[in-house]
Amino acid sequence: EDSIMLLPPSLGIFPPVLNSKGHFTMKKIELKIEGMTCGHCVVSVRKELTKLAGVEVEDVRVGGATVRIDETRIDEKRISDAITDAGYALVKASS
């Protein structure tokens, strides 16, 4: 028999959200990041982005990243703040 396990919100794990058309709300975003020069930079940015609820990290490379975001749970300001916390600057976010 199938069962559903509900997780407490304090864990920061939330089920995907469906929009009014029944589609998942994840949006693919390309991030241009200034100041990244090496593999350590990539690890630092990936670590900060991974901490964000509503963000799925697809790829992080020197100078940028590709993420999928749930716009109902995260905005560009919080993503920019996380990149700043890692020591870099978000130059541009585009879908």
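Calculation criteria
- Residues numbered from 1 in each chain as written.
- Predicted model: local features only at pLDDT ≥ 70, side-chain atom pairs only at ≥ 80, totals over all residues.
- Heavy atoms only, no water.
- Helix = DSSP H or I, 4+ residues; strand = E, 2+ residues; numbered from the N terminus.
- Contact = heavy atoms within 4.5 Å.
- Disulfide = S-S within 2.5 Å.
- Buried < 20%, exposed > 50% of the residue type's maximum accessible area, 1.4 Å probe, protein only.
- Arc of directions from axis to C-beta.
- Pairing = 2+ DSSP bridges.
- Axes fitted to C-alpha atoms, helices over the stretch in contact; angles between N-to-C directions.

Participant: Mind laying out the environment of K92, listing which residues take part and the relevant values?
Facilitator: Along the chain, the position of K92 falls in strand β4 (residues 89-94). If we ignore the near neighbours within four places in the chain, the residues touching K92 are E30, L31 and K32.

Participant: Outline the state of the cysteines, listing residues and values.
Facilitator: For the coordinates displayed, the defined rule picks out 0 disulfides. Here C38 is not disulfide-linked; the sulfur of C41 is the nearest cysteine sulfur, at 3.5 Å. When its relative accessible area of 31% is taken as the criterion, C38 is described as partly exposed.

Participant: Before we move on, can you summarise helix α2 (residues 76-85) with the specific residues and values?
Facilitator: The set of residues buried in α2 consists of I79, A82 and I83. The arc that holds the buried residues of α2, viewed along the axis, is 100 degrees, so those residues lie on one side. Within α2, the exposed residues directed more than 90 degrees away from the buried face are K77 and D85. If you follow the buried residues of α2, they end up packed against β1 (26-34), α1 (39-50), β2 (55-61), β3 (64-70) and β4.

Participant: Can you break down the sheet that holds β4 residue by residue, with the values?
Facilitator: Within the open sheet, the 4 strands sit side by side as β2-β3-β1-β4. Their pairing is antiparallel. In this open sheet, the two strands that pair with only one neighbour each are β2 and β4. For this sheet, the mean inter-axis angle between neighbouring strands, taken without regard to orientation, is 25 degrees. In this structure, β1 lies alongside β3, joined through 7 bridges in antiparallel fashion. In the sheet register, K28 faces β3, and the bridge partner there is R68.

Participant: Before we move on, could you go through the environment of L90 and cite the residues and values that matter?
Facilitator: Mapping L90 onto the fold places it in strand β4. Setting aside residues no more than four positions away along its own chain, L90 makes contact with L31, K32, E76, S80 and I83.

Participant: Give me the lowdown on the pairing of β1, citing residues and values where you can.
Facilitator: By the bridge criterion, 5 bridges tie β1 to β4 in an arrangement that is antiparallel. By the bridge assignment, L31 is partnered in β4 with A93.

Participant: Outline the environment of E34, listing residues and values.
Facilitator: Mapping E34 onto the fold places it in strand β1. Linking E34 and V62, residues 28 residues apart in sequence, is a C-alpha distance of 8.9 Å. Contact partners of E34, with chain neighbours within four places excluded, come to Y88, A89 and V91.

What is shown is where atoms sit, not what they do.
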